[in-house]
Every structure is written in C-alpha cells, then in structure tokens.
Amino acid sequence: MLKIIDLHASVEGKEILRGINLEVKAGEVHAIMGPNGSGKSTLANVIAGKEEYEVEKGQILLEGEDIDELSADERAHKGVFLSFQYPIEIPGVSVTNFIKTAINANRKANGLDDMPAKDMLKMIREKSEMLAIDRKFLSRSLNEGFSGGEKKRNEIFQMAMLEPKLAILDETDSGLDIDALRIVADGVNALKTKDNAVIVITHYQRLLDHIIPDFVHVLHEGRIVKSGSKELAHKLEEKGYDWIKEEVELD
Ligand code: ADP
Ligand code: MG
Ligand code: MG
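Residues numbered from 1 in each chain as written. Chains lettered and ligands numbered in written order. Predicted model: local features only at pLDDT ≥ 70, side-chain atom pairs only at ≥ 80, totals over all residues.

The name recorded for the protein in an unreviewed UniProt entry is Fe-S cluster assembly ATPase SufC, from Subsaximicrobium wynnwilliamsii.

So this is what it looks like as structure tokens:
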C-alpha cells in the first residue's frame with residue numbers, strides 16, 4: 001500500500017525528516033509515536049502532499065507508484081485521507097452536502113459520474129448507523145458550534161464515507177477526551193478491512209488501548225528509531241521516551 005524509502009523532507013528550509021523508511025501493507029494498522037516535535041505531523045503532511053513540505057530525497061510509493069509529483073488533491077483522489085487537526089467551519093453547508101461534494105469530486109477525478117442519489121442515501125444511512133451518528137447531526141452546518149467530540153465524529157464519518165485506501169489520523173496531543181477517543185477508535189475499527197491501511201499518529205498510548213496496532217514505530221528527531229508490536233506502546237506509556245533517546249545516543 002505505502003512504501004517510504006529514505007525520505008528526507010524539510011519545511012521552511014529546515015530539515016525535519018532525516019531518512020524515514022516505512023512499509024505499510026493493506027490490512028495493517030501502524031501507530032507512529034514519539035515526543036513532541038519529533039516530526040510526526042510533518043510525516044503525515046508529507047505523505048498527504050501538503051505544499052509547505054519539501055521532499056529533499058527519497059521516495060513515497062503508493063501502491064508502487066511514486067506520488068511525489070502529485071498534489072494533495074490528486075493524492076486524496078487516489079485514496080489518501082488525512083484527518084484534519086483543525087477542522088474548518090462552513091456555515092450553511094451541511095455535513096451531508098459537504099461529504100456528497102467530496103465523494104463526487106473523487107469520482108470525477110477517477111473518471112466516474114456522480115454517485116446516484118439513491119446510492120448516496122443508502123451509503124449515508126449505512127455508515128451513519130455503523131458509527132451511531134444521529135440523523136439530525138447530518139443536517140447541521142459543517143463544524144459550526146461543534147463540540148470536540150462532534151468534530152471527531154464528523155471527521156470519522158467523512159473517512160467512512162470516502163473509504164480511503166490509506167487513512168492517516170494525526171491525533172494532536174490535546175483535545176481528545178474519552179468520548180472523542182472512543183469515536184475515533186470505534187470508527188477506525190469499524191472501517192478496517194483487508195484492503196485498506198491505517199496510520200494512527202499519537203503522542204499518548206491510551207488511544208492504542210482501543211485501536212490495536214499491528215506495528216508501533218517511534219519517531220525521534222526525524223527518524224524511526226524503534227519499531228515493534230503493541231507492547232512497545234505499553235513500554236512507552238510506562239517508561240516515557242527517555243530510554244529510547246538514550247539508546248539512540250549509544251548507537
Ligand atoms: P510532532 O508532530 O512530532 O510534534 P511536527 O512534525 O509538528 O512534530 O514538528 C517537527 C518540527 O518541524 C518542529 O520543530 C516544528 O516546529 C517544525 N515544523 C513543522 N511544521 C512546520 C511548519 N509548517 N512551519 C515551520 N516549522 C514547522
Ligand atoms: Mg507537535
Ligand atoms: Mg504533531
């Protein structure tokens with residue numbers, strides 16, 4: 001699904017990612033952890049193709065195709081989904097209308113006609129039921145007056161509707177209360193199939209009590225310095241990141 005080879009990337013002329021290697025196969029959930037400022041969000045943004053981030057060296061392959069030259073929109077159309085850390089408010093545009101527009105834009109980019117209204121409604125019904133989303137919520141204005149939990153619910157609903165091949169959830173260190181955590185975890189667990197892959201970026205282990213990752217990677221100063229199973233996340237919760245920094249310095 002995703003293969004990253006010796007990726008070096010910078011922002012505003014400063015090198016942040018310094019040789020990332022990562023392979024994510026279909027059906028897998030990978031967690032990326034690491035101290036603040038280690039480059040986790042940068043990695044997410046580089047994969048998604050955000051303009052401010054410059055790839056200096058290395059490759060990002062999506063299903064074997066080098067996506068370096070593709071814009072963020074083009075990557076989204078190929079099935080890359082990056083959760084929004086700071087969701088925008090769009091007064092007058094409902095949750096449902098926003099998602100319909102996004103789905104049809106995706107289809108158009110892939111040479112398909114608009115999804116028939118009947119199919120769209122069916123999909124909305126199925127996915128909202130699966131995620132226990134209230135009907136009334138779907139007709140509300142996008143993010144206007146949404147609570148933290150509602151923003152998360154909207155984000156996960158968008159992800160469910162767009163059915164990405166590769167979903168990247170960049171969970172900021174703050175603002176995830178227990179309800180929001182549940183929504184994210186239930187959403188990811190409900191959407192996981194053998195054909196898609198999920199990268200969950202998180203500073204804290206607690207999200208990983210609910211989303212069981214197949215692999216955990218620790219980012220430190222722009223490099224993956226340790227990879228392991230979910231046990232690694234538990235060890236980090238217990239012991240913090242300092243022992244990893246010490247290990248890196250010994251090398
Ligand atoms: P993390 O998500 O692990 O906390 P980030 O990827 O956000 O780390 O940040 C890594 C480093 O890159 C930090 O030093 C941060 O200041 C810098 N950085 C990230 N994004 C930008 C940006 N858009 N402009 C300037 N500096 C940035
Ligand atoms: Mg940060
Ligand atoms: Mg971050």
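Back to the write-up after that little detour.
1. Details of the overall build of the protein
Within the protein, the regular secondary structure consists of nine helices and 12 strands. At 18 Å, the protein has a C-alpha radius of gyration in line with the 18 Å of a compact globule built from 251 residues. For the C-alpha atoms alone, the extent of the protein along its principal axes is close to 60 × 40 × 35 Å. The proportion of buried residues among the 251 residues of the protein is 35%. Within the protein, counting contacts between residues at least 6 apart in sequence, those at least 24 apart form 72% of the total. (Helix = DSSP H or I, 4+ residues; strand = E, 2+ residues; numbered from the N terminus. Rg over C-alpha atoms; globule rule 2.2 N^0.38 Å. Buried ≥ 20, exposed ≤ 12 C-beta atoms within 10 Å, placed from the backbone. Contact = placed C-beta atoms within 7 Å.)

2. Focus on the site of ligand 1
As a structural note, the neighbourhood of ligand 1 is formed by V11, E12, I16, G34, N36, G37, S38, G39, K40, S41, T42 and E52. Looking at which element gives the most residues to the shell around ligand 1, the answer is helix α1 (residues 40-48), with three residues. Of the residues contributing to the shell around ligand 1, the split by class is two nonpolar, seven polar and three charged. (Near = placed C-beta within 6 Å. Nonpolar A, V, L, I, M, F, W, Y, C, P; charged D, E, K, R; others polar.)

3. Examining the sheet that holds strand β11 (residues 215-220)
Taking strand neighbours across the sheet as the criterion, the six strands line up as β6-β9-β10-β3-β11-β12 in an open arrangement whose pairing is mixed. Of all strands in the sheet, those bounded by a partner on one side alone are β6 (80-82) and β12 (223-228). Across the sheet, the mean angle from the axis of one strand to that of its neighbour is 20°, orientation sign disregarded. The pairing of β6 with strand β9 (residues 166-170) spans three bridges and is classified as parallel. Within β9, the residue paired with V80 across the bridge is L166. Across the face of the sheet, α1 comes into contact with β3 (29-33), β6, β9, β10 (197-201) and β11 while running at roughly 150° to β9. (Pairing = 2+ DSSP bridges. Axes fitted to C-alpha atoms, helices over the stretch in contact; angles between N-to-C directions.)

4. Topic: the sheet that holds strand β1 (residues 2-11)
Reading across the sheet, the four strands line up as β2-β1-β4-β5 and stay open at both edges, with antiparallel pairing between neighbours. The open sheet terminates on both sides in strands that have one partner only, identified here as β2 (14-24) and β5 (65-66). Here β1 runs beside β2; their pairing, made up of eight bridges, is antiparallel. When the sheet's bridge partners are listed, H8 is paired in β2 with R18.

5. A short note on the environment of T193
Relative to the helices and strands, T193 is located in the loop between α7 (178-191) and β10. Separated by 52 residues in the primary sequence, T193 and K245 have C-alpha atoms spaced 35 Å apart.

6. Observations concerning unusual backbone geometry
If you check the backbone angles, A132 has positive phi at about 55° while not being a glycine. Following the sequence through the fold, A132 ends up in the loop between α4 (117-130) and α5 (135-138). Non-glycine residue E221 carries a positive phi angle of around 45°.

7. Points about the nonpolar core
L43, I168, V184 and V200 are the most contacted members of the largest nonpolar core, which totals 57 residues. Dropping the residues within four chain positions of it, L43 is found in contact with L17, I20, I32 and L219. (Core = buried A, V, L, I, M, F, W, Y, C linked by C-beta atoms within 7 Å.)

8. Brief notes about the packing of helix α3 (residues 95-109) against helix α6 (residues 148-162)
Direction vectors running N to C along α3 and α6 enclose 35°, while the axes themselves pass 10 Å from each other. In this structure, α3 crosses over α6, and the sense of that crossing is right-handed. Here α3 contributes V95, I99, A102, I103 and N106 to the contact with α6, which in turn contributes N154, F157, Q158, M161 and L162. Across the contact of α3 with α6, the residue classes tally to seven nonpolar, three polar and no charged. (Left-handed = near helix turned anticlockwise from the far one by under 90°.)

9. Digging into the confidence of the model for the protein
Residues at a pLDDT of 70 or more form 96% of the protein, whose mean pLDDT is 90. Among the scores for the predicted complex, ipTM is 0.93 and pTM is 0.91. (pLDDT = per-residue confidence, 0-100.)

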